[in-house]
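What the coordinates show
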Amino acid sequence: MSLVERIERATPEHRDRAVDGLRALALLAVPVGHWLIGGFTLDEQGALHNASPLSTLAYLAPASWVLQMLGIFFLVGGYASALSYRRRTGSTGRWLRGRVVRLGRPVLGVTAVWAALIAAGFAVGVPGDTLRTAATLVVQPLWFVGVYVVVTALTPYCVRAAEAAGVWAAVPLPGCVAVVDFLRYGPYSAAVPDWVGALNLLPGWLFAYQLGAAWAVRRLGRRGAWALLAGGAALFAVLLAVFHYPASMVGVPGEARTNSHPPSLLVPALAAAQCGAAILLRDRVAALLRRPVLWAPVAVVNLSAMTVLCWHQTAMLAAAVPASLTAGGVPGLTTAPDSVGWLLARVAWLPVFAGLLVLIARPARRLEGPWRGATRSRRAVAGILAAAFAVFALGLA
């Protein structure tokens, strides 16, 4: 029996293939986006430093509108969590602990492994700047897990709000983001401290999650989806054309403003349009994924979601760091991302990164499940290593 057939037979009848398909699409956009904008430069000592093609190839910014699919990820996350919460058999605390542990294990694993890799790198003479660059890239996607844990903890309140007010429960959230944006970028911005932007972290990402909860309790249908698609697209266009928000959905080195860290109003605007489109396309996606050959890769990606999120930067570094040590400047890998030639070469590297991720995922996938056989002392060592990595990555050491 082939793998495709085994996956098809193992899939329960009640499995929502459309939601899994949307999750897989949003998840795979994360490594593709990071691999395309994760450029490097080499200094005179041969050390790697982060660089972005968006600094010189500004016309690539619209690609970030497609590749930044976190709105869809939070939508299906809110949908799945709301259904799981409503079907729980134990207490809310027990339900939440189970969710948080499943998110925390892979993060603890990747940071502990990287603490050991950094120590080994120093021992064999890898430049310190290269190791700091690597640590920064590994940490880069992990912020998402922290935010996701917080919104997951709010699931009981999101469900109650969705049951009471439907999609309208999500409307105040972009309004909060708009107020903070006005403070940050309005006429009195000079008097506003930098930390105020952090107030957008929760409402900026909770918006799509709340939409997912409304979708799960059947308070968001096709009419609401059309309103989200049209309204989100219109707001997105106005913010770009009239209020001159940065065009890129990700941070660009050297730019004073960013739409992502923390989120600006452009994030919920794009999320609204994406979520509306995703809900409208649900039936078509479900029909496609009834084909076993299309469903099998979606199932595999969903089973390895946290592994992909936590280890995809390691896959790119597994190619870039050895190249910097042995070959120096390699087109599309360790050369400056400042030309169309670099972009074409980087696209050619994407299958290599994907192959390395598959190889890494085989052992790393074990970190997503229960750590059977791990003693309390081994867990303590893993925690100490993870803490040491965090100190190094955040520049505290």
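Look above for the structure.
Structure report, in brief. Not measured: the values here are computed from a predicted model. Numbers given to residues run from 1 along each chain, matching the order in which its sequence is written. Local features in a predicted model are, by the rule used here, given only for residues with pLDDT of at least 70; side-chain atom pairs are given and counted only at 80 or more, and totals for whole chains, interfaces and linings are based on all residues. Excluding hydrogens and water, the side-chain figures rest on all heavy atoms present in the structure.

1. Topic: the overall build of the chain
By the criteria applied, helices consist of DSSP H or I runs no shorter than four residues and strands consist of E runs no shorter than two, each listed in order from the N terminus. Looking only at helices and strands, the chain features 17 helices and two strands. Radius of gyration means the value over C-alpha atoms here, while the globule rule gives 2.2 Å times the residue count to the 0.38 power. The globule rule puts the C-alpha radius of gyration for 397 residues at 21 Å, and the 21 Å found for the chain is close to it. Seen through its principal axes, the chain has C-alpha atoms that stretch 60 × 60 × 40 Å. The classification of residues rests on relative accessible area computed with a 1.4 Å probe and restricted to protein chains. Under 20% of the type maximum is buried, over 50% is exposed, and intermediate values are partly exposed. When burial is assessed residue by residue, the chain has 49% of its 397 residues classed as buried. Expressed as a percentage of contacts within the chain between residues at least 6 apart in sequence, the contacts between residues at least 24 apart total 79%. Note on areas: Shrake-Rupley with a 1.4 Å probe; residue coverage comes only from the protein chains shown. Accessible area of the chain: about 19,100 Å², with a carbon and sulfur share of 66%. Two residues form a contact once any of their heavy atoms are found within 4.5 Å.

2. So, the side chain of Arg184
Tracing the sequence through the fold places Arg184 in helix α9 (residues 172-185). Residue Arg184 is classed as buried on the basis of its relative accessible area, which comes to 16%. At a separation of 3.3 Å, a polar atom in the side chain of Arg184 contacts the side chain of Tyr185. With near-sequence residues (within four places) excluded, Arg184 lies in contact with Ser189, Gly197, Asn200, Pro262, Pro263 and Ser264. The definition of a polar contact used here is a pair of N or O atoms within 3.5 Å, where within protein one atom must be able to donate a hydrogen and the other to accept one, and adjacent residues in sequence count solely through side-chain atom pairs.

3. Some points on the packing of aromatic side chains
Here a ring pair, both rings aromatic, is described through the centre-centre distance and the interplanar angle of the planes. Each aromatic pair joins two rings of Phe, Tyr and Trp (for Trp, the six-membered one) with centres within 6.5 Å, and gets the label stacked for planes under 30 degrees apart, edge-to-face for over 60, and tilted for any other angle. Taken as a whole and assessed by the stated rule, the structure comprises 16 aromatic pairs. Note on Trp65 and Phe236: the rings are 5.2 Å apart at their centroids and 80° apart in plane angle, and the pair reads as edge-to-face. Here Trp65 is found in helix α3 (residues 61-67), whereas its partner Phe236 is found in helix α11 (residues 222-241), with 171 residues between them in sequence. A residue is classified by how much of its surface remains accessible, and Trp65, at 29% relative accessible area, is partly exposed.

4. Structural notes on helix α6 (residues 128-139)
For a helix, the expected span equals 1.5 Å multiplied by the number of residues minus one. Between its first and last C-alpha, α6 extends 17 Å over 12 residues, near the 16 Å set by a 1.5 Å rise per residue. Where α6 is concerned, the buried positions are Gly128, Thr130, Leu131, Thr133, Ala134, Ala135, Leu137 and Val138. Where α6 is buried, its residues contact β1 (39-42), β2 (48-51), α5 (92-124), α15 (305-326) and α17 (376-393).

5. Re the packing of helix α4 (residues 70-86) against α5
The axes of two packed helices give the description: the angle between them and the distance between them. Contact pair α4 / α5: the axes reach a minimum separation of 11 Å and the direction vectors enclose 140°. Crossing of α4 against α5: the hand is right-handed. Contacts between α4 and α5 involve Ala80, Ser81, Ser84 and Tyr85 from the first element and Thr92, Trp95 and Arg99 from the second. The residue classification treats Ala, Val, Leu, Ile, Met, Phe, Trp, Tyr, Cys and Pro as nonpolar and Asp, Glu, Lys and Arg as charged. All others, Gly included, are polar. Tallied by class, residues from the contact of α4 with α5 come to three nonpolar, three polar and one charged. Orientation is described by lines fitted to C-alpha atoms, with helices fitted over the stretch in contact, and by angles between N-to-C directions that extend from 0 to 180 degrees. Two helices crossing with the near one rotated counterclockwise from the far one by less than a right angle form a left-handed crossing, whereas a clockwise rotation gives a right-handed crossing.

6. A look at the nonpolar core
Side chains of nonpolar character tend, in soluble globular proteins, to be buried together. In this structure, Phe74 and Trp114 are the most contacted members of the largest nonpolar core, which totals 108 residues. Ranked by the residues each element gives to this core, the list is headed by α15, at 13 residues. If we skip the residues at most four places from it in the chain, Phe74 touches Phe144, Val147, Tyr148, Val151, Trp205, Ala208 and Tyr209. Only buried residues count toward a nonpolar core. Its members are Ala, Val, Leu, Ile, Met, Phe, Trp, Tyr and Cys residues joined through side-chain atoms within 4.5 Å.

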